[in-house]
Amino acid sequence: MKRYDLSYYLMLLHASEEGEVGFLKPMFSAFSSTHDPLDYHMIWHQRTVLEAVGAISSKDLHVLDMGFVSQLLCLGQCHWAIYVALHMPQSEDFPYLHSNLIREILFQYCESWSSQESQRQAILDLGIPKAWLHEAMVCHIFSFY
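Residues numbered from 1 in each chain as written. Predicted model: local features only at pLDDT ≥ 70, side-chain atom pairs only at ≥ 80, totals over all residues. Heavy atoms only, no water.

Another point: the packing of aromatic side chains. According to the stated counting rule, one finds three aromatic pairs in the structure shown. Their ring planes at 75 degrees and their centres at 5.5 Å tell us that W80 and Y83 sit as a pair that is edge-to-face. One end of the pair is W80 and the other is Y83, both in helix α4 (residues 78-86) and three residues apart, which spans about a single turn. Overall, the relative accessible area of 28% leaves Y83 in the partly exposed class. In textbook terms, an aromatic cluster arises when at least three aromatic residues are bridged by ring pairs, as seen for W44, F68, W80 and Y83. (Phe/Tyr/Trp six-rings, centres within 6.5 Å; stacked < 30°, edge-to-face > 60°. Helix = DSSP H or I, 4+ residues; strand = E, 2+ residues; numbered from the N terminus. Buried < 20%, exposed > 50% of the residue type's maximum accessible area, 1.4 Å probe, protein only.)

Have a look at this one:
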């Protein structure tokens, strides 16, 4: 499949005057903005800006969201991964995707976010229930026994 840079895809989007992204799927590949196939940060931001201005409407780009969540978790940025999870489009097929993903992040990466006050506070500022944080910390403590 041929891949082009973001400018080309934006030109196609402007010319099509459609809000669907079916023919623009290659635009949301990491290769449209970088040579690193695991770097999702730029295309995630591009997609959110295009959605915010009403240029596109995408409900089926969860792979992009999950790739960026994974990238942020590898960098130890749990609070940003939760932010991305909160901003994923709703899916009728998976109604509890957001809460399940956030709780999984809290449980799997408890040692990382609980040891840094700034991350813990950022997670609380995102509106994540304190009970979820406490539950993850208790499970983390008991996993050593």
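Turning to helix α1 (residues 6-16), a few remarks are in order. Among the residues of α1, L6, Y9 and L13 are the ones counted as buried. Within α1, the buried residues cover an arc of 65 degrees as seen down the axis, which keeps them to one side. In α1, the exposed positions that point more than 90 degrees away from the buried face belong to S7, M11, H14 and A15. (Arc of directions from axis to C-beta.)

Where nonpolar side chains cluster on the molecular surface, the patch consists of V138, I141 and F142 and spans about 300 Å² of accessible area. Considering the arrangement of structural elements, one finds V138 in helix α8 (residues 130-142). On the basis of relative accessibility, which here comes to 41%, the residue V138 falls in the partly exposed class. (Patch = residues over 30% accessible without salt bridge, like charges linked within 9 Å, V, L, I, M, F, W, Y side chains within 5 Å. Areas by Shrake-Rupley, 256 points an atom, 1.4 Å probe, with all protein chains shown as cover. Salt bridge = Lys/Arg side-chain N within 4 Å of Asp/Glu carboxyl O.)

Below, the discussion takes up the packing of helix α2 (residues 41-52) against helix α3 (residues 62-74). The contact between α2 and α3 brings their axes to 9 Å, and the two run at 135 degrees. In terms of axis orientation, α2 runs oblique to α3. Pair α2 / α3 crosses with left-handed handedness. Taking contact as the criterion, the partners of H41, I43, W44, H45 and R47 in α2 are, on α3, L64, D65, F68 and Q71. The class makeup of the residues in the contact of α2 with α3 is four nonpolar, three polar and two charged. (Axes fitted to C-alpha atoms, helices over the stretch in contact; angles between N-to-C directions. Parallel < 35°, antiparallel > 145°, perpendicular 65-115°, else oblique. Left-handed = near helix turned anticlockwise from the far one by under 90°. Contact = heavy atoms within 4.5 Å. Nonpolar A, V, L, I, M, F, W, Y, C, P; charged D, E, K, R; others polar.)

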